[in-house]
Amino acid sequence: MDIRTTGGPPTAAEIAAVDAVLGPPESLWEGGTRVAADDHLARGGRAVRSKRDLLLPVLHGLQDEVGWISRGGLEYACRRLNVPPAEAYGVASFYDRFALDEQPGLSVAVCDDVACKCAGADDLCRELEARFGPAGSAREGAVWHRSPCLGLCDRAPAARVERTGPSGHHAEGRLAPASTDGVIALLGGGVWPVEGEAYSPPALRATSPRGGEEIKLLRRVGHVDPQSIDAYRAAGGFAALRRALELGPEAVIRELTDAKLLGRGGAAFLTGRKWDAVARAPVRPHHLVCNADESEPGTFKDRVLMEGDPFAIIEAMTIAAVATGCERGYLYVRTEYPLARHRIENAVRLAREHGYLGDDVAGSGLRFDIEVRRGAGAYICGEETALFNSIEGKRGEPRNKPPFPVQAGLFGKPTLVNNVETLVNVLDIVSEGGAAFAATGTPDSTGTRLFCLSGHVQRAGVYEVLMGTTLRALIDMAGGLREGRSLRAVLLGGAAGSFVTEAQLDVPLSFEGTRAIGATLGSGAVMVLDDSADLEGILLRIARFFRHESCGQCVPCRVGTKRQEEILNRLLVDRQTSNRDGDVALLADIAQAMRDASICGLGQTAASAIQSAVIQLKVLNV
Amino acid sequence: MSSPVFVGVPRRMLQVSIDGHDVQVMEGMTILDACGRLGIDTPTLCNLETLTPVNVCRVCVVEVEGSRVLVPACSRKVEPGMKIQTDSERVRHSRRLVLELLGSSVDMSLCAPEVHGWMSRYGAQPQRFGPGAATVAQPVKVDNDLYVRDYSRCILCYKCVEACGVDAQNTFAIGVAGRGFEAHISTEFTVGLPESACVYCGNCIGVCPTGALMFKSEHDMRQADTWDENKQHVTETVCPYCGVGCMLELHVQDNSIVKVTSPLDHSVTSGHLCVKGRFGFQFVQRRGSG
Ligand SMILES: Cc1cc2nc3c(=O)[nH]c(=O)nc-3n(C[C@H](O)[C@H](O)[C@H](O)COP(=O)(O)O)c2cc1C
Ligand code: SF4
Ligand code: SF4
Ligand code: SF4
Ligand code: FES
Ligand code: FES
């Protein structure tokens with residue numbers, strides 16, 4: 001394959017941004033200066049091709065430092081990585097974060113998703129529109145956009161700000177809660193939001209209320225300094241890893257199987273069975289992936305864990321690696337979580353320095369290390385196989401299953417992929433035994449669960465309760481509704497979940513309990529909507545979300561999500577009533593085909609909330 | 001200790017049931033192959049025997065007992081005891097919807113007649129989404145003398161990308177760009193083909209099922225309303241340019257070559273050619289010019 005680049009030379013800033021990730025080029029072939037050997041042999045080949053997975057980090061470098069990805073910049077990256085420009089363009093254009101035309105250096109992304117809508121995000125957007133023009137229009141070196149959920153729903157309405165520029169100047173921050181004045185001041189070149197202090201322990205505790213008596217996963221959050229490995233050790237950290245090394249892989253997997261731990265990422269698969277399958281997979285090497293993409297609207301528990309207890313995630317990943325024979329682990333965190341990313345990167349560095357990661361894990365002679373990878377603004381990359389493709393430097397398109405990740409996952413090798421919360425559960429299971437864990441919660445849904453309460457509750461935040469706690473009790477724990485309000489519905493499981501009514505509030509929050517009423521726990525998102533909620537606006541937002549996030553690969557989802565949004569617009573915005581029954585039936589027809597024939601869970605659930613609103617809440621009835 | 005060396009695993013025969021009929025099929029076959037054995041016609045749009053299955057169009061889905069969702073026949077391998085339904089209500093519904101969703105957004109008028117047959121078999125009515133339904137309509141891209149790209153006809157079956165990439169040409173001049181309904185086939189930054197890596201092998205044209213990619217000669221004749229397949233005949237020959245021995249099918253109308261193809265099942269080409277065999281036919285018809 002020849003790399004043909006016709007777009008003109010890269011700028012010095014672009015070269016610097018790419019080289020900062022890849023190091024300086026070694027030859028003319030890679031876009032460097034001519035060296036004697038260049039005339040005689042072709043460089044590149046396998047050594048360069050094997051760097052393909054650095055495409056996203058390189059694109060991030062360009063975006064951070066240059067503010068957009070120009071043809072010259074992209075083609076320079078292509079020469080360095082031996083990736084065809086058409087393919088790299090396909091990748092760059094897939095992800096929301098990468099701009100392919102010149103952008104102002106300052107941008108504000110205002111969340112207008114469900115929880116933020118409940119907190120006045122629409123008013124905020126209206127005022128910005130009046131002042132700065134419609135979303136996306138650049139003015140005076142700044143631009144604002146609308147954004148899907150930023151995972152800050154406990155402090156809605158939320159906004160994310162970013163300043164691009166050469167290293168040292170690039171910065172990310174957030175305004176949560178965001179005030180109109182605050183955003184306007186910032187867009188006008190005002191004070192940069194200072195983030196550090198906002199995360200001192202008391203503040204974290206205040207924004208993350210605790211839940212019931214059974215606090216396990218959250219016990220260090222807000223109490224133990226998340227930046228200090230000594231503090232983590234003083235709080236009992238790394239004891240589970242030592243125990244796991246004593247027990248050995250088989251016994252660890254046995255405890256996990258006895259614990260009956262179900263995955264917390266949404267699909268509720270038995271973790272023990274997954275670990276066992278990877279451990280036994282004959283093909284080597286094995287890979288480990290921690291899924292920290294957390295982009296389901298209304299979900300922010302993994303962020304709270306990463307920001308508040310990052311060493312626990314590193315320790316749990318190490319146990320998983322030891323048990324399943326992985327030498328390489330990746331933690332894929334959504335790009336909208338810079339603080340979580342920095343906390344995790346810091347924890348990885350300290351763990352490595354203290355010998356918990358590297359060539360001799362805690363003196364065991366085993367090898368394991370972790371690389372932190374940054375998502376780039378694509379909900380679909382939370383789907384495990386899309387996530388693999390994303391790490392590999394490709395478009396985040398889900399793969400068809402089978403083969404399953406345990407057979408052929410990341411780089412085609414057997415891969416263990418687990419959610420952040422799932423992994424943190426492993427620590428207590430190893431320390432206290434699987435049987436003790438299985439004795440908590442319900443027989444089929446063991447342990448505790450983190451729920452993300454947002455919307456119209458008094459105290460939004462992450463709550464940890466035993467599986468089987470009722471939805472009513474959970475909402476009460478969060479202080480219930482505001483004075484004088486009544487409940488309209490609860491959106492359980494995020495945009496991919498479904499609406500639950502007042503009459504169903506006594507549903508036990510367990511996998512089997514929610515299944516019995518046709519709902520799902522999903523990612524643990526609990527969005528409470530009172531009678532002031534703009535339900536129609538919320539449905540339109542959900543339809544827009546799926547249309548925007550569909551990867552576009554398969555027809556039912558690519559066109560189905562588009563048609564679903566069009567029809568809802570027709571019914572709810574244009575108020576077309578001429579063929580109302582026909583349109584409602586059409587929505588149901590599309591829903592069934594998306595559920596049945598889509599490749600992945602995104603398409604399969606893209607109609608579920610809307611259909612449940614039609615059926616349970618009768619929103620389209622006249 | 002070294003592991004044993006396998007010299008080709010012997011293929012087993014498996015029993016599966018399709019629409020209530022038991023059938024013996026070879027291990028490793030797809031459900032589509034197995035349906036073919038029973039003479040069941042399965043619609044396919046993104047599948048081609050010479051390309052790696054991408055299973056994206058979903059028009060071939062079937063119902064497999066025990067599976068929560070429908071599965072793509074074109075890529076799912078048969079498993080012992082599989083119970084498959086190819087004509088259940090669920091299957092018909094999804095096939096119909098896939099055809100309707102495509103038909104409502106893409107100009108499918110130049111698709112093969114069998115596609116239109118499936119449309120009527122499943123009762124597809126693309127117009128039922130209403131006149132406001134968004135489409136991918138856009139101007140034809142004419143940026144070179146050899147072939148045109150009319151993405152208003154593109155169903156995004158990925159075949160051209162595969163043919164341009166690892167499945168045949170290894171040129172990677174085109175890829176899928178964008179996301180969701182905005183996903184489309186593109187060169188980098190949508191540059192014209194002359195600026196791209198394209199070498200005009202035309203292998204993308206050879207696999208395109210919708211007429212989105214078309215010889216310029218065919219496009220011009222269609223514009224002038226002189227294209228008439230009833231007046232065309234196909235002459236088989238071997239490419240005269242080099243010693244590889246690619247078989248050519250010369251499509252001739254009014255004594256002029258109007259396009260060149262190669263059979264998919266030809267052992268040398270698998271349907272793929274290079275720029276000379278595909279487009280280098282002008283010299284044949286330069287009568288009297290020198
Ligand atoms: C559209 C989509 C988005 C997903 N997003 C996430 C996510 O953000 N985090 C996550 O852990 N799992 C997510 N999943 C589920 C993963 O595919 C996978 O099942 C999970 O990471 C497995 O981990 P677990 O067994 O620990 O739950 C998503 C699935 C789909 C279909
Ligand atoms: S269901 Fe949607 S997101 Fe999933 S593969 Fe298909 S188009 Fe992509
Ligand atoms: S003509 Fe050949 S090189 Fe050009 S885009 Fe088509 S397949 Fe690729
Ligand atoms: S141009 Fe043709 S081959 Fe390429 S994706 Fe579109 S329909 Fe398929
Ligand atoms: S941060 Fe706005 S809805 Fe989650
Ligand atoms: S032919 Fe099977 S999915 Fe397209």
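Residues numbered from 1 in each chain as written. Chains lettered and ligands numbered in written order. Predicted model: local features only at pLDDT ≥ 70, side-chain atom pairs only at ≥ 80, totals over all residues. Heavy atoms only, no water.

Colleague: In this structure, what is going on with the overall build of chain B? I would like to understand it.
Modeller: Each helix and strand counted, chain B has seven helices and 12 strands in total. Taken along the three principal axes of its C-alpha coordinates, chain B extends 70 × 60 × 40 Å. Among the 290 residues that make up chain B, the fraction classed as buried is 54%. Within chain B, contacts between residues at least 6 apart in sequence are counted, and of these 55% link residues at least 24 apart. Roughly 13500 Å² of accessible area belongs to chain B as shown, and the carbon and sulfur atoms make up 52% of that amount. In chain B, 27 positive and 31 negative side-chain charges are present, and the distance between their average locations comes to 3 Å. (Helix = DSSP H or I, 4+ residues; strand = E, 2+ residues; numbered from the N terminus. Buried < 20%, exposed > 50% of the residue type's maximum accessible area, 1.4 Å probe, protein only. Contact = heavy atoms within 4.5 Å. Areas by Shrake-Rupley, 256 points an atom, 1.4 Å probe, with all protein chains shown as cover. Lys, Arg positive; Asp, Glu negative; His and termini not counted. Charge placed at Lys NZ, Arg CZ, Asp CG, Glu CD.)

Colleague: Can you help me understand the interface of chain A and chain B in this one?
Modeller: Put simply, an interface is often sized by how much accessible area is lost when its parts join up. At the interface, 54 residues of chain A touch 50 residues of chain B. Both sides together, the interface formed by chain A and chain B hides about 4200 Å², and carbon and sulfur atoms give 55% of it. On the chain A side of the interface with chain B, the three residues burying the most area are A:Tyr89, A:Arg563 and A:Asp596, jointly 15% of the side's total. On inspection of chain A and its partner chain B, the count reaches five salt bridges. (Buried area = accessible area lost by both parts, 1.4 Å probe. Salt bridge = Lys/Arg side-chain N within 4 Å of Asp/Glu carboxyl O.)

Colleague: It is not clear to me how the site of ligand 3 should be interpreted in this structure. Could you clarify?
Modeller: Every residue close to ligand 3 is listed here: B:Tyr147, B:Cys164, B:Thr171, B:Cys198, B:Val199, B:Tyr200, B:Cys201, B:Gly202 and B:Cys204. Residue composition of the shell around ligand 3, grouped by class: seven nonpolar, two polar and no charged. (Near = heavy atom within 4 Å. Nonpolar A, V, L, I, M, F, W, Y, C, P; charged D, E, K, R; others polar.)

Colleague: What is the right way to look at the pairing of strand β11 (residues 247-253) of chain B in this model?
Modeller: Remember that side chains alternate between the two faces of the sheet whenever the strand is regular. All names here are of chain B. Within β11, six of the seven residues are buried, which leaves the element mostly enclosed by the surrounding structure. In the sheet, strand β10 (residues 232-238) pairs with β11 via seven bridges, with the strands oriented antiparallel. The residue bridging histidine 233 from the neighbouring strand is valine 252, located in β11. The turn joining β11 and strand β12 (residues 256-261), which pair antiparallel and follow one another in sequence, is formed by two residues; a positive phi near 50° is taken by aspartate 254. (Pairing = 2+ DSSP bridges.)

Colleague: Mind showing me how you'd approach helix α17 (residues 384-391) of chain A here?
Modeller: Residue pairs three or four apart in sequence face the same way in an α-helix, which turns once every 3.6 residues. Residues and elements named next belong to chain A. Counting buried residues along α17, seven of its eight residues qualify, which places the element largely inside the surrounding structure. Here α17 has its buried residues at Thr385, Ala386, Leu387, Phe388, Asn389, Ser390 and Ile391. Immediately beyond the C-terminal end of α17, within one or two residues, lies glycine 393, with a positive phi of roughly 85°.

Colleague: Can you walk me through the site of ligand 2 in this structure?
Modeller: Of all residues adjacent to ligand 2, which total 13 residues, the nearest are A:Cys551, A:Cys554, A:Cys557, A:Cys600 and A:Gly603. Taken together, the residues that form the shell around ligand 2 break down as eight nonpolar, five polar and no charged.

Colleague: Just checking my understanding: could you explain the environment of A:Val221 for this structure?
Modeller: Tracing the sequence through the fold places A:Val221 in the loop between α9 (201-207) and α10 (229-234). Each C-alpha atom of the pair A:Val221 and A:Leu305 lies 7.0 Å from the other, and the pair is 84 residues apart in sequence.

Colleague: Mind showing me how you'd approach the confidence of the model for chain B here?
Modeller: Note: predicted coordinates in regions of low pLDDT should not be interpreted at a detailed level. Confidence in the prediction of chain B, expressed as mean pLDDT, is 94, and 95% of residues score 70 or more. The ipTM for the predicted assembly is 0.95, set against a pTM of 0.95. (pLDDT = per-residue confidence, 0-100.)

Colleague: Where do I start with the domain arrangement of chain B in this structure?
Modeller: Residues and elements named next belong to chain B. Here chain B is described as being made up of domain 1 (9-134) and domain 2 (147-285). Computed over C-alpha atoms only, the centres of domain 1 and domain 2 are separated by 26 Å. Contacts between domain 1 and domain 2 engage 20 residues on the former and 19 residues on the latter. Summed over both sides, the interface of domain 1 with domain 2 buries roughly 1700 Å², with 65% coming from carbon and sulfur. Its largest share of buried area at the contact with domain 2, domain 1 owes to Thr50, Leu51 and Leu110, together 34% of the area lost on that side. (Domains from an automatic or database assignment.)

Colleague: How do you make sense of the pairing of strand β5 (residues 286-292) of chain A when you look at a structure like this?
Modeller: Residue and element names in this part refer to chain A. The element β5 is extensively covered by neighbouring structure, given that seven of its seven residues are classed as buried. In this sheet, strand β6 (residues 326-333) lies alongside β5 in parallel orientation, the contact comprising seven bridges. Its bridge partner lying in β6, valine 289 is registered against tyrosine 330. Of the pairings in the sheet, the one linking β5 to strand β8 (residues 415-419) comprises five bridges and is parallel in character. Each bridged residue has a counterpart across the sheet, and for histidine 287 the counterpart in β8 is threonine 415.

Colleague: Got a minute to help me understand the environment of A:Val417 in this structure?
Modeller: All names here are of chain A. Structurally, valine 417 can be placed in strand β8. A relative accessible area of 4% places valine 417 in the buried class. Placed 11 residues apart in sequence, valine 417 and valine 406 show a C-alpha to C-alpha distance of 8.4 Å. When sequence neighbours within four positions are dropped, the list of residues in contact with valine 417 reads Lys274, Val289, Asn291, Glu384, Phe388 and Pro405.

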